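Single-letter residue listing:
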Amino acid sequence: MKNLLIITLLFSVKAMASSLPTCPYYDENARWHNCFGIITYDTGNRYVGDFKDDLPHGQGNYTYASGNKYVGEFKDGLFHGQGTFTWSKGPFKGDKYVGEFKDAKRHGQGNYFFSNGDKYVGESKEGSLSGQGIYTYTNGNKYVGEFKDDKRYGQGTITFYNGDKYVGGHKDNLLHGLGTYTYVNGTFERGYFIKDEYVPDICSGMGLKKGSESFEQCVLKIIDKIDWNEKLFIVFKNVRSPK
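Residues numbered from 1 in each chain as written. Predicted model: local features only at pLDDT ≥ 70, side-chain atom pairs only at ≥ 80, totals over all residues. Heavy atoms only, no water.

## Things to note about the overall build of the protein
So, point 1. A tally of helices and strands in the protein yields three helices and 16 strands.
So, point 2. Long-range pairs, those at least 24 residues apart, make up 18% of the contacts in the protein with a sequence separation of at least 6.
So, point 3. Carbon together with sulfur atoms contributes 52% to the accessible area of the protein, which is approximately 13400 Å² in total. (Helix = DSSP H or I, 4+ residues; strand = E, 2+ residues; numbered from the N terminus. Contact = heavy atoms within 4.5 Å. Areas by Shrake-Rupley, 256 points an atom, 1.4 Å probe, with all protein chains shown as cover.)

Rendered as structure tokens:
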């Protein structure tokens, strides 16, 4: 492994960072095991920390050539355990994650801070926001519930900045499925939503008159497209949710 690497070691850094003995940097054929070392890879990436069986293992810092950085625990050469990842370049520039990692991916409980000021506290799985979590938006909206693949997905409650509140199904960051939308003035819509729209409002927008047979058929047809195994319970009200 080490013949593909440019290896450097600074004793002053080692003294500050670890109580382990210095890795045998002077011998390229020696085993780096239960020791502290610094490696600069051919890619420009750099690791400073503990080693075991020639791999990063224990506490360490991994800095990419791009400037992105991970500080925390390693296992068998991978990010694993508690750690902090900070993005300084690329599409996630300015984002920061503090929490659990598994096999080099965000996995478990953690806090994700977005560059725009949004914040997520909760579960991650295989590198994405998945499971139970709380997402706080900079505009004042707040969602508490289930996530899947970085999106609101499943059951949850979203409270809007203007005092409105929705409790029910979500899919791909949209209101989707059976739910109740309560307005700040006390009126509410209870029933099925699809892609952020209340199903009866969709049919009304098509020019169908509420209470007519064609209106009812329209509502039922749309609901059939929703992949939710819940029974229909709709209260028809002529109000719309804010966008």
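## Focus: the packing of aromatic side chains
So, point 1. Summed over all chains, the structure comprises 30 aromatic pairs.
So, point 2. Considering the side-chain rings of Tyr47 and Phe74, the 4.9 Å spacing of their centres and the 75° angle between planes classify their relative orientation as edge-to-face. Of this pair, Tyr47 sits in strand S3 (residues 46–52) while Phe74 is found in strand S5 (residues 69–75), placing the two residues 27 residues apart along the sequence. Taken individually, Tyr47 and Phe74 each receive the classification buried, so the pair is uniform in this respect.
So, point 3. Between the NZ or CZ atom of Arg152 and the centre of the ring of Tyr143, over which it lies, the distance is 5.6 Å. (Phe/Tyr/Trp six-rings, centres within 6.5 Å; stacked < 30°, edge-to-face > 60°. Buried < 20%, exposed > 50% of the residue type's maximum accessible area, 1.4 Å probe, protein only. Lys NZ or Arg CZ within 6 Å of the ring centre and 35° of its normal.)

## With respect to the pattern of salt bridges
If the charged atoms of two oppositely charged side chains come close together, the side chains can form a pair.
So, point 1. Applying the stated criterion to the full structure yields two salt bridges.
So, point 2. With a closest N to O distance of 2.2 Å, Arg31 and Asp53 form a salt bridge. Of this pair, Arg31 sits in the loop between helix H1 (11–17) and strand S2 (35–41) while Asp53 sits in the loop between S3 and strand S4 (55–63); the two residues are 22 residues apart in sequence, bridging distant segments of the chain.
So, point 3. A residue is classified by how much of its surface remains accessible, and Asp53, at 39% relative accessible area, is partly exposed.
So, point 4. The salt bridge involving Glu126 is made with Lys105; its shortest N-O contact spans 3.4 Å. Linking Glu126 in the loop between strand S9 (119–125) and strand S10 (128–136) with Lys105 in strand S8 (residues 105–113), this pair joins segments that are 21 residues apart in sequence.
So, point 5. The exposure class of Glu126 is exposed, given its relative accessible area of 51%. (Salt bridge = Lys/Arg side-chain N within 4 Å of Asp/Glu carboxyl O.)

## Notes on helix H3 (residues 213–224)
So, point 1. Here H3 contains twelve residues, and its C-alpha end-to-end distance of 17 Å stays within 8% of the 16 Å for a straight helix at 1.5 Å per residue.
So, point 2. Three or more residues of H3 are buried, namely Phe215, Cys218, Val219, Ile222 and Ile223. Projection of H3 onto a plane perpendicular to its axis shows the buried side chains occupying an angular sector of 130°, all on one side. Away from its buried face by more than 90 degrees, H3 exposes Glu213, Lys221 and Asp224. (Expected span 1.5 Å × (residues − 1). Arc of directions from axis to C-beta.)

## A word on the pairing of strand S14 (residues 174–182)
So, point 1. Pairing analysis gives six bridges linking strand S13 (residues 165–171) to S14, with the strands arranged antiparallel. What sits directly across from Gly168, in S14, is Gly179.
So, point 2. Counted along the chain from S13 to the antiparallel partner S14, the turn is two residues long, and its residue Asp172 has a positive phi close to 55°.
So, point 3. Relative to strand S15 (residues 188–194), S14 runs antiparallel, the two sharing six bridges. In the strand pairing of S15, Leu178 is matched with Tyr192.
So, point 4. What sits between S14 and S15 in their antiparallel hairpin is a turn of five residues, with Gly186 showing a positive phi close to 100°. (Pairing = 2+ DSSP bridges.)

## A few points about the environment of Lys96
So, point 1. With respect to the helices and strands, the residue Lys96 is situated in strand S7 (residues 96–102).
So, point 2. A C-alpha to C-alpha distance of 4.6 Å links Lys96 and Thr86, two positions ten residues apart in sequence.
So, point 3. If we skip the residues at most four places from it in the chain, Lys96 touches Thr84, Phe85, Thr86, Trp87, Asn111, Tyr112 and Phe113.

## A short note on the nonpolar core
In summary, soluble globular proteins display a tendency toward joint burial of nonpolar side chains.
So, point 1. Grouped together as the largest cluster of nonpolar side chains are 29 residues, with contacts concentrated most on Phe51, Phe79, Tyr166 and Tyr181.
So, point 2. Elements represented by at least two residues in this core include exactly S2, S3, S5, strand S6 (78–86), S7, S10, strand S11 (142–148) and S14.
So, point 3. When residues of this core are assigned to their parent elements, the largest contribution, three residues, is made by S2.
So, point 4. Every residue in contact with Phe51, bar those within four places of it in the chain, is listed here: Cys23, Trp32, His33, Asn34, Cys35, Gly37, Ile38, Ile39, Pro56 and His57.
So, point 5. Grouped together as the second largest cluster of nonpolar side chains are ten residues, Val199, Ile202, Cys218 and Ile222 included. (Core = buried A, V, L, I, M, F, W, Y, C linked by side-chain atoms within 4.5 Å.)

## What to know about the environment of Tyr137
So, point 1. Mapping Tyr137 onto the fold places it in the loop between S10 and S11.
So, point 2. When near neighbours in sequence (up to four residues on either side) are disregarded, Tyr137 contacts Asp118, Lys142, Tyr143 and Arg152.
So, point 3. For Tyr137, the side chain forms a polar contact with the side chain of Arg152, separated by 2.9 Å. (Polar contact = N/O pair within 3.5 Å; in protein donor to acceptor, adjacent residues only side chain to side chain.)

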